[in-house]
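# Architecture at a glance
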Amino acid sequence: MSSAARSPSAEAIAVLQERELRTFAGAHPRAAELMQQSERYWQGGVPFHWMRDWPMPYPVFVRSAVGATLHDVDDYAYDDFCLGDTGAMFGHSPPAVARALTRQAAQGLTAMLPGERVAAIGAALSARFGLPCWQMTQTATDANRSVLRLARALTARSEILVFDGCYHGTVDETLVCLVDGQARARAGLRGPPGDAAAHTRVIEFNDLAALAAALADGQVAAVLCEPALTNMGMVLPQPGFHAELRRLTRQHGTLLIIDETHTFSAGPGGCTRRDGLEPDLFVCGKAIAGGMPCAVYGMTAALRTRIEAMPANAEHGHSGLGTTLSANLLALAAIEACLTEVMTDAAFAHMEAQAIRLEQGLHSLLAKRALPWHVQRIGARVELGFGAAPARNGRESAAAMLPELERTLHLYLLNRGVLLTPFHNMMLLSPQTAPGAVDRLLTHLEAALDELAR
Ligand SMILES: Cc1ncc(COP(=O)(O)O)c(C=O)c1O
């Protein structure tokens, strides 16, 4: 029997969704009022358009977010498993970061000069992730754009390679997908300067034969890759994938960029440290400074030497790298507090323990109901997939998605005080997530499945 046949029927999903939408509207009068007011001033009614990408007709408006709990203006509390889609992976407003920000806020926000603690911060990054040399940016998008630019400059090659189903931020040449074996700009991409896929090769994740073929002509500057795909469901690497990726990139003079922005959930040094990956360039953003806009990229000693040997740029400020507020004093204060006091081994141990509790609970739930779905996990990051088996690549993962079911379940959970990331079935566990929150998620999910089965 196919997975679709045993998953809830479209009719049951539609009925439940309709009822949950009514429940939401009835329960959030203040959010409705604020939405009406903000519609006048903001495009799409919100200061950033992704804020409308939730399963509700209008978003909940945040009153406060502390630890693993978010409170909204209608006086509801939510167990937050979205955590700002990873930016708040270490909990909302970690006290050490809040203290550091308060201290720094009175002593300068931005100066385009290094703060006195930068050596210690660099040392902490190196100790954690293993790369010896660093730069800071405002976002992971900025960091990815920077490392791709550096890779092209260093190799004098224009091509890059990414995996189908990837997401690395709003970097034009990575907003591509695989259609009939060809790289194509994503349909939703607005206003690229030309064909965004013109210099990008796209292959399926875990396809080593395609990788060997794509690198063979020696024209690819860099492979940009997450250790596992986390933006198209969750697709884990097959045994030997990373070792061969590393071998092939070295063989063809292609730089390997590992983007750990999401997979940092794997442990204190991300997958890079856990799995002994050996990137030439490394990117991490989102949670790295506890939710403050901040990202880092790291490089090997060999690359540092080559970058520093590049001809000094005659036109200062026109390298295409960086933004004025990068590495500002506030971001430096936040990242130091996070590196030294928040992202501790103990914090990761708690996060992973709760993630395992959730993973096991989901497994039992699926088994009890004979649902042909699966669960994947990278450390503190758990994903429920609607395919019978874990996907091996982006295409399989996309094919297994059931967007209306996902939307309905998220809405049902939200109406009962459980917040899940809108774009995927991802659940993130923070150092403050209590076992009770995990149990509540499981209880409400079971109730939703009960209703859908009727
Ligand atoms: C793997 C990965 N890299 C980079 C980014 C971009 O992060 P930001 O939107 O903070 O720039 C994302 C965002 O989801 C991501 O998932």
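A quick note: this is a predicted structure, and the numbers were derived from the prediction, not measured.

## As for the overall build of the chain
Counting secondary structure elements, the chain contains 15 helices and 16 strands. Here the chain has a C-alpha radius of gyration of 22 Å; the compact-globule value for 454 residues is 22 Å, and the two agree. Dimensions of the chain along its principal axes, counting C-alpha atoms only, are 70 × 55 × 45 Å. Out of the 454 residues in the chain, the part that is buried amounts to 47%.

## Brief notes about the sheet that holds strand E3 (residues 77-80)
Taken in spatial order, the four strands line up as E1-E2-E3-E15 in an open sheet, and their pairing is mixed. A strand with exactly one partner marks an edge of an open sheet, and here the two such strands are strand E1 (62-66) and strand E15 (418-419). Two elements, E1 and strand E2 (residues 69-72), share four bridges in a ladder whose sense is antiparallel. Looking at the pairing, Val 62 lines up with Asp 72 of E2.

## Observations concerning helix H7 (residues 208-215)
Spacing of three or four residues puts side chains on the same side of an α-helix, whose turn is 3.6 residues. Among the residues making up H7, those that are buried are Ala 210, Leu 211, Ala 214 and Leu 215. In a view along the axis of H7, the buried residues occupy a sector of 125 degrees, so they form one face of it. Away from its buried face by more than 90 degrees, H7 exposes Ala 209 and Ala 213. Elements that come into contact with the buried residues of H7 comprise strand E5 (159-163), strand E8 (200-203), strand E9 (220-225) and helix H8 (241-251).

## Looking at the nonpolar core
If you look at the biggest cluster of nonpolar residues, it comprises 126 residues, and the most contacted ones within it are Ala 222, Ile 257, Ala 331, Ala 334, Ile 335 and Cys 338. At ten residues, the largest contribution of residues to this core is made by helix H11 (residues 329-342). Taken domain by domain, the makeup of this core includes at least three residues from each of domain 1 (3-80 + 345-453) and domain 2 (95-342). The contact partners of Ile 335, leaving out residues within four places of it in the chain, are Ile 121, Ile 288, Ala 289 and Cys 294.

## Structural notes on the domain arrangement of the chain
With domains assigned, the chain is organised as domain 1 (3-80 + 345-453) and domain 2 (95-342). Facing 22 residues of domain 1, the contacting portion of domain 2 comprises 23 residues. At the level of elements, helix H12 (345-368), strand E13 (374-378), strand E14 (381-385) and helix H13 (394-399) are the ones that each hand at least two residues to the side of domain 1 that touches domain 2. With four residues, H13 is the largest single contributor of residues to the side of domain 1 that touches domain 2.

## Observations concerning the sheet that holds E14
Ordered by their spatial adjacency, three strands build an open sheet running E13-E14-E16, and the pairing between neighbours is antiparallel. The strands lining the two open edges of the sheet, one partner per strand, are E13 and strand E16 (426-428). Across this sheet, the average inter-strand angle for adjacent strands is 20 degrees, counted without regard to direction. Alignment of E13 against E14, held across five bridges, turns out to be antiparallel. Note on E14: the bridge partner recorded for His 374 is Gly 385.

The rules behind these values
- Residues numbered from 1 in each chain as written.
- Predicted model: local features only at pLDDT ≥ 70, side-chain atom pairs only at ≥ 80, totals over all residues.
- Helix = DSSP H or I, 4+ residues; strand = E, 2+ residues; numbered from the N terminus.
- Rg over C-alpha atoms; globule rule 2.2 N^0.38 Å.
- Buried ≥ 20, exposed ≤ 12 C-beta atoms within 10 Å, placed from the backbone.
- Pairing = 2+ DSSP bridges.
- Arc of directions from axis to C-beta.
- Contact = placed C-beta atoms within 7 Å.
- Core = buried A, V, L, I, M, F, W, Y, C linked by C-beta atoms within 7 Å.
- Domains from an automatic or database assignment.
- Axes fitted to C-alpha atoms, helices over the stretch in contact; angles between N-to-C directions.

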